[in-house]
Amino acid sequence: MAETQTKDAFVKFDRVQKSYDGETLVVKDLNLSMPKGEFLTMLGPSGSGKTTCLMMLAGFETATHGEILLDGRPINNIPPHKRGIGMVFQNYALFPHMTVAENLSFPLEVRGIGKSEREEKIKRALDMVQMGQFGGRRPAQLSGGQQQRIALSRALVFEPELVLMDEPLGALDKQLREHMQFEITRLAHELGITTVYVTHDQTEALTMSDRVAVFDDGRIQQLAPPDVLYEEPQNSFVAQFIGENNTLEGVVKEMKGSDLCVVQLDDGELIDAKPVNVSKAGERTRVSIRPERVEFNKERLQPGAHLLKAEVLEFIYMGDIFRTRLRVAGNEDFVVKTRNAPDQVRLTPGQQIEIGWLPGDCRALDA
Ligand SMILES: Nc1ncnc2c1ncn2[C@@H]1O[C@H](COP(=O)(O)OP(=O)(O)OP(=O)(O)O)[C@@H](O)[C@H]1O
Ligand SMILES: [Mg+2]
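Basis of the calculations
Residues numbered from 1 in each chain as written. Chains lettered and ligands numbered in written order. Predicted model: local features only at pLDDT ≥ 70, side-chain atom pairs only at ≥ 80, totals over all residues. Heavy atoms only, no water. Domains from an automatic or database assignment. Buried area = accessible area lost by both parts, 1.4 Å probe. Salt bridge = Lys/Arg side-chain N within 4 Å of Asp/Glu carboxyl O. Polar contact = N/O pair within 3.5 Å; in protein donor to acceptor, adjacent residues only side chain to side chain. Helix = DSSP H or I, 4+ residues; strand = E, 2+ residues; numbered from the N terminus. Nonpolar A, V, L, I, M, F, W, Y, C, P; charged D, E, K, R; others polar. Phe/Tyr/Trp six-rings, centres within 6.5 Å; stacked < 30°, edge-to-face > 60°. Buried < 20%, exposed > 50% of the residue type's maximum accessible area, 1.4 Å probe, protein only. Lys NZ or Arg CZ within 6 Å of the ring centre and 35° of its normal. Pairing = 2+ DSSP bridges. Right-handed = clockwise from strand over helix to strand, strands pointing away. Near = heavy atom within 4 Å. Areas by Shrake-Rupley, 256 points an atom, 1.4 Å probe, with all protein chains shown as cover. Axes fitted to C-alpha atoms, helices over the stretch in contact; angles between N-to-C directions. Parallel < 35°, antiparallel > 145°, perpendicular 65-115°, else oblique. Contact = heavy atoms within 4.5 Å. Left-handed = near helix turned anticlockwise from the far one by under 90°.

### Thoughts on the domain arrangement of the protein chain
- Each assigned domain of the protein chain is listed with its residue range as follows: domain 1 (9-236) and domain 2 (245-365).
- Computed over C-alpha atoms only, the centres of domain 1 and domain 2 are separated by 39 Å.
- When the area that domain 1 buries against domain 2 is broken down by residue, the three leading residues are Tyr230, Pro233 and Ser236, summing to 64%.
- Between domain 1 and domain 2 we count zero salt bridges in total.
- The tally of links between domain 1 and domain 2 comes to four residue pairs in polar contact (both at pLDDT 80 or more).
- In terms of residues, the side of domain 1 that touches domain 2 owes the most to one element, helix α8 (residues 226-231), which gives three residues.
- When its residues are assigned to classes, the side of domain 1 that touches domain 2 shows three nonpolar, three polar and two charged.

Below is the structure:
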């Protein structure tokens, strides 16, 4: 049974730790299993250990503790070039003295692939990134975005089963970046490639990935598909890090089963919330609610919903949405986003209103 489980995971980090100096762990007890063909993104603040994880998987760094398995086999002792992994790292540049075609030919030659097959594969890899005309150029004769597309096709040219990308779109402007995000996921899915992608851009992570691992302080704080991550953050860090979020601080007043608790906010008001990582009365908590889940149109609220007093501080018309900043229970940065619709209320600064939400949309998290 254990063997089948290991086989199902194409990439597996098993209790992996990493320390560079023998004292501080920059990766702490990492457990992660990826099925074949998955597109997984590691997302997190600077220094949280993302690149270190990728480097260990690539074989440029070794784990201090634990084991990394590829297709069921430990890879700790296999040198990087024998792992059959395609890589696009920000500082893993193209060879400047070679033409584009020679750059792509290199990983094929290393693998002993004959000339005519090489030419065929190179053509296909360049066409994939719409760079078929550029085989004869040197990297210096290409724009930054074109170089990144070549780096991508070089990582894919030998049809690796696993591709690692560390902020591959960092240097690109917004438009090209969005185009490449689409291109990368399309290629990965078309070719059935298992991908580990690193970024600190949350939109990129949410739009590209099957699952996202949110890193902080050397640990995975949550590993989930994008919609779950956004809608059901497991702790305050994830709630704050992913998307825009409102928080109100208080104390758990009463637990009412596994789906409901009453929180007394610091200004004395009582609200209902979904207990996520609080378990008993008296615990301090931070309740979290997304800006688009707040309602000030009472007709749209369920009867019995707690309403809170709020003062409008700012109302911004943004075309598709209205963005309202409120003072709620002492928080002056409470943001509400409402869709621009003919019946939607427009507010003015200074106005006193009442707001509410469904208890399930309000999550009681760690303080
Ligand atoms: N070669 C190294 N020697 C010593 N410490 C290192 C080395 N590489 C990284 N570190 C440290 O390990 C920690 C994790 O670094 P890592 O590069 O994995 O973070 P990251 O999540 O990729 O950050 P960023 O988003 O800035 O790229 C940091 O505190 C960093 O200073
Ligand atoms: Mg990094």
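Having put the structure on the table, let's press on.
### Some points on the packing of aromatic side chains
- In this structure the tally under the stated criterion is seven aromatic pairs.
- Seen from their ring centres, Phe60 and Phe89 are 6.5 Å apart, and the 70° between their planes marks the pair as edge-to-face. Within this pair, whereas Phe60 is found in the loop between α2 (50-58) and β4 (65-70), its partner Phe89 is found in strand β6 (residues 85-89), the two being separated by 29 residues in sequence.
- Under the relative-accessibility criterion, Phe89 is labelled buried at 7%.
- Plain terms: the ring middles of Phe334 and Trp357 are 6.2 Å apart, the flat faces sit at 20° to each other, and that makes the pair stacked. Linking Phe334 in strand β17 (residues 331-339) with Trp357 in the loop between β18 (352-355) and β19 (362-366), this pair joins segments that are 23 residues apart in sequence. In this structure, Phe334 and Trp357 share a single accessibility class: buried.
- Through successive ring pairs, a cluster of aromatic residues spans Phe315, Tyr317 and Phe322.
- Its guanidinium or amino end placed over the ring of Phe158, Arg111 lies 3.6 Å from that ring's centre, counting from NZ or CZ.
- Lying over the aromatic face of Tyr230, Arg290 brings its terminal NZ or CZ to 4.0 Å of the ring centre.

### Observations concerning the pairing of strand β7 (residues 162-166)
- Of all five residues in β7, five are buried; the element is thus mostly enclosed.
- The alternating pattern of β7 places Leu162, Leu164 and Asp166 and Val163 and Met165 on opposite faces, both of which are buried.
- For β6 and β7, the ladder comprises five bridges, and the chain directions are parallel. If you follow Ile85 over to β7, its bridge partner there is Leu162.
- In this sheet, strand β8 (residues 194-199) lies alongside β7 in parallel orientation, the contact comprising five bridges. Residue pairing in the sheet places Asp166 in a bridge with Val198 of β8.
- In the classification by handedness, the crossover that spans β7, the intervening helix α6 (residues 174-191) and the parallel β8 is right-handed.

### Concerning the site of ligand 1
- Lining the immediate environment of ligand 1, one finds Tyr20, Val26, Pro45, Ser46, Gly47, Ser48, Gly49, Lys50, Thr51, Thr52, Glu167 and His200.
- Here an oxygen atom of ligand 1 and a backbone polar atom of Gly49 are 3.0 Å apart.
- Coverage of ligand 1 by the protein chains reaches 57% of its 630 Å² of free accessible surface.
- Of the residues that constitute the shell around ligand 1, the class distribution is three nonpolar, seven polar and two charged.

### Focus on the sheet that holds strand β13 (residues 270-275)
- The strand order around the closed barrel formed by five strands is β11-β12-β13-β19-β14, and the pairing between neighbours is mixed. Each strand axis lies, on average, 55° off the axis of its neighbour in the sheet, ignoring direction.
- Across five bridges, the pairing between strand β11 (residues 246-255) and strand β12 (residues 261-265) is antiparallel. Considered in β12, the bridge of Gly250 is made with Leu265.

### A few points about the packing of helix α5 (residues 144-156) against α6
- Between α5 and α6, the least distance of the axes is 12 Å, while the angle of their chain directions is 10°. On the basis of their axis angle, the class for α5 and α6 is roughly parallel. Contacts between α5 and α6 involve Gly145, Arg149, Leu152 and Leu156 from the former and Leu176, Met180, Ile184 and Leu187 from the latter.
- For the contact of α5 with α6, the per-class residue count stands at six nonpolar, one polar and one charged.

### So, the packing of helix α3 (residues 100-110) against α5
- Where α3 meets α5, the closest approach of the two axes is 8 Å, and the angle between their N-to-C directions is 25°. Between α3 and α5, the angle is such that the two are roughly parallel. Here the hand of the crossing between α3 and α5 comes out right-handed. Residues Val100, Asn103, Leu104 and Pro107 of α3 pack against Ile150, Ser153 and Arg154 of α5.
- Here the residues of the contact of α3 with α5 are counted per class, giving four nonpolar, two polar and one charged.

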